[in-house]
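The primary structure of each chain is shown beneath.
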Amino acid sequence: MNERKNMESCGWLRALGKGNNLAYIGNELTHYTTLDGLLGIVNNNGFWLSDHRFLNDEEEFENGRNLAIKILGKLISTNRYVLFRKILELVLFDLKNHAEMPYFICSFSTKKDCLDLWKWYSKSEIGISIVLDTKFDAPESHFGMIPIVMTSKVVYNDRTKCKIILNDIRNFYKEFIIDFENDQKRVEREDLVWSSALMNQLIFNFINFKHAEFESESELRIVVSAYRKEEYNLCLHHRVKDKIIPYIDIGELYKKYNLGQLPIKEIIISPNCKEEIVKKSLEEYLKSKSYNDVRVSFSKIPFRG
């Protein structure tokens, strides 16, 4: 019990608790896929979360890392953070020499019927957008199982990214000063713990940073770290696209926590010339899987064949 109280009194843990800048708490989110993708999601009762290192935009992580390196360099040179300088220097060194670890992600959107997303995810096939109820008011939901799974907002604006990075550094600094004033020697012995915790918080932000050109997607992501994957014994699978992509099936976790069916509330069919027959086939399929109250509708975007 005393050990737990000591842990709870650590400033770096308090700072981590404040570092949830990107959490999404809206009422619903949407996943874009194809008919084949929908079958896989419903049959497995879950989503595939892919290793971010093997996805399309290699610049995403580097964008955040480069911004953080610039900010840390400036802060280290100021007198304001003199007591915290060693921590910042350790984080800066680790970021410059960071061997990128996997985070497993799955993409969603706040937009239910978006032409750009239809083009990107369905390409030449019939596209499907799955609208899901987030149910964040439940103790454990499909999209909020802290600290294992969190639904995060993607950030596109560089100024906003810098504010998020600065906010995390300031939170850690404030908690560090509180601990330093209470027990200077103990805090000095924990330099590596502080720097590791701060770096992990910053890295989590990088996973949710994206280039401004993609802002129209209004993307959300569910994210699971490699650490949590190991902690909860989630199996590593592989799929082939234009390369071999490692992924985890979050349905394994849903099953472990007895979360039941996915909270699907609506399925929207992309613009196409076969809408009616596709709608009928979807309705029959959903009933066969006991999704009896799911609305199937058409995109409001005109079809141009």
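Only a predicted model underlies this, so the values are computations on that prediction, with no experimental measurement involved. (Residues numbered from 1 in each chain as written. Predicted model: local features only at pLDDT ≥ 70, side-chain atom pairs only at ≥ 80, totals over all residues. Heavy atoms only, no water.)

A. Geometry of helix 6 (residues 115–122). Within helix 6, burial applies to Leu117, Trp118 and Ser122. Projection of helix 6 onto a plane perpendicular to its axis shows the buried side chains occupying an angular sector of 105°, all on one side. Considering only its buried residues, helix 6 is in contact with strand 1 (28–34), strand 3 (103–109), strand 4 (127–133) and strand 10 (264–269). Positive backbone phi, at 50°, marks Lys123, one or two positions downstream of helix 6. (Buried < 20%, exposed > 50% of the residue type's maximum accessible area, 1.4 Å probe, protein only. Helix = DSSP H or I, 4+ residues; strand = E, 2+ residues; numbered from the N terminus. Arc of directions from axis to C-beta. Contact = heavy atoms within 4.5 Å.)

B. Region of the structure containing helix 12 (residues 275–288). In a regular helix each residue adds 1.5 Å, so 14 residues correspond to 20 Å; helix 12 covers 20 Å between its end C-alpha atoms and thus fits that length. Considering only its buried residues, helix 12 is in contact with helix 3 (35–44), strand 4, strand 10 and strand 11 (295–298). (Expected span 1.5 Å × (residues − 1).)

C. Representation of the side chain of Ser109 within the structure. Here Ser109 shows up in strand 3. Of note is the side chain of Ser109, whose polar atom sits 2.7 Å from the backbone oxygen of Glu217. Apart from the residues within four sequence positions on either side, Ser109 is in contact with Leu29, Thr30, Tyr32, Leu117, Glu217, Ser218, Glu219 and Leu220. (Polar contact = N/O pair within 3.5 Å; in protein donor to acceptor, adjacent residues only side chain to side chain.)

D. Structural view of the nonpolar core. Counting residues in hydrophobic clusters, the biggest one holds 41 residues, and the most contacted among them are Phe84, Leu88, Leu95, Ile165, Ile169 and Phe206. At the level of secondary structure, the elements contributing two or more residues to this core comprise helix 4 (59–76), helix 5 (85–96), strand 3, helix 7 (158–182) and helix 9 (191–206). No other element matches helix 7, which puts nine residues into this core. Those residues in contact with Leu88 that sit more than four places away from it in its chain are Leu72, Leu75, Ile76, Tyr81, Ile169 and Leu198. (Core = buried A, V, L, I, M, F, W, Y, C linked by side-chain atoms within 4.5 Å.)

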